[in-house]
Amino acid sequence: MTIPDRDLQRLRQWQRESVLRLHTDPITPEQVWPLLRAIEEKDSTTGAHTWRVVLYTRLLAETIGVDRDIVDRIGLAAALHDLGKIDIPDRILKKPGRLTSEEFRVIQTHTTAGHQRLVDMGVTDEVVLDLVRHHHERLDGSGYPDGLSGDSCRLGARLFSIIDTFDAMTSVRAYRAEVGPEAAEKALHELEAHMGQWYCPEGVRVFAALYRDGKLDWIMQHFNDSAETPSFSPESTGSTPDR
């Protein structure tokens, strides 16, 4: 499956425009390290998930031609996307069954809690702050926490919402053990069904092409939920290898 050139060109234009609006210093590894340790202490099963979403994010960003500096920053943002979940009670975060509406509202606060924790630390990196706060926004404004719609949600968060949804549907959960190619195709069909409503169409098509061309296979194989994975490190990802 060939990556659609028109979609790539659109994404590249949008990311160039986004970079022009960045006026803050990047987050540093020294700031990231203690946060990653806190996330792992809260939930020791997050290691493989963190590796996957970071590598998917870097691969997608590199594919659309994002500058190396921004690739590094968005990769760290991906690693920290669920930072706010360290403030969620375990009885809710690790509940094996369906959440009640009230419990889901508590879960939703992880976006603002993570964002606020970073702000309180003095982090000003817009790439990181934006993705942590807005990775559950939807194109039609039905997401959270701010109900952003369309281009009011920055490209990094729009693309990461695709990745986070895909990984959630292709990894082991307390309520689902289905993984593998069938789960991946089911996840892509779900993303494609909601293109233009919830998800960026260009991002979905490019990400789907990467999967169907086998570019994600090595990530899914080496960092699956049953594998022993090392703790994620801010220095542990360079350029994504061409597999």
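The following refers to the structure shown. All of these numbers come straight from a predicted model, not from anything done at the bench.

### Things to note about the pattern of salt bridges
Considering all chains together, one arrives at 19 salt bridges under this definition. A salt bridge links R68 to D72; the shortest N-O distance between them is 3.1 Å. Remark: D72 and R68 occur in helix α4 (residues 68–79); sequence separation between them is four residues, near one turn of the helix. For R105, the salt bridge identified is with E102, shortest N-O distance 2.9 Å. Here R105 pairs with E102, and both are found in helix α6 (residues 101–108), just three residues apart, close to one helical turn. On the accessibility criterion, E102 (45% relative accessible area) is partly exposed. Via salt bridges that share partners, R58, E62, R68 and D72 belong to a single interconnected network.

### A look at the packing of aromatic side chains
By the definition in use, this model includes seven aromatic pairs. When the ring of W51 is compared with that of F223, the centres are 4.9 Å apart and the planes differ by 15°; the resulting orientation is stacked. Taken as a pair, W51 in helix α3 (residues 46–63) and F223 in the segment after α12 (217–222) lie far apart in primary sequence, 172 residues in all. A residue is classified by how much of its surface remains accessible, and F223, at 13% relative accessible area, is buried. Here Y56 and F207 contribute two aromatic rings whose centre-to-centre distance is 5.9 Å and whose plane-to-plane angle is 80°, an arrangement assigned as edge-to-face. In this pair, Y56 is assigned in helix α3 and F207 in helix α11 (residues 201–212), connecting sequence segments 151 residues apart. By the ring-pair criterion, three or more aromatic residues cluster together here, those being Y56, F166, F207 and Y211. The lysine or arginine in question, R158, covers the ring of W14, its NZ or CZ lying 5.5 Å from the ring centre.

Criteria and thresholds
- Residues numbered from 1 in each chain as written.
- Predicted model: local features only at pLDDT ≥ 70, side-chain atom pairs only at ≥ 80, totals over all residues.
- Heavy atoms only, no water.
- Salt bridge = Lys/Arg side-chain N within 4 Å of Asp/Glu carboxyl O.
- Helix = DSSP H or I, 4+ residues; strand = E, 2+ residues; numbered from the N terminus.
- Buried < 20%, exposed > 50% of the residue type's maximum accessible area, 1.4 Å probe, protein only.
- Phe/Tyr/Trp six-rings, centres within 6.5 Å; stacked < 30°, edge-to-face > 60°.
- Lys NZ or Arg CZ within 6 Å of the ring centre and 35° of its normal.

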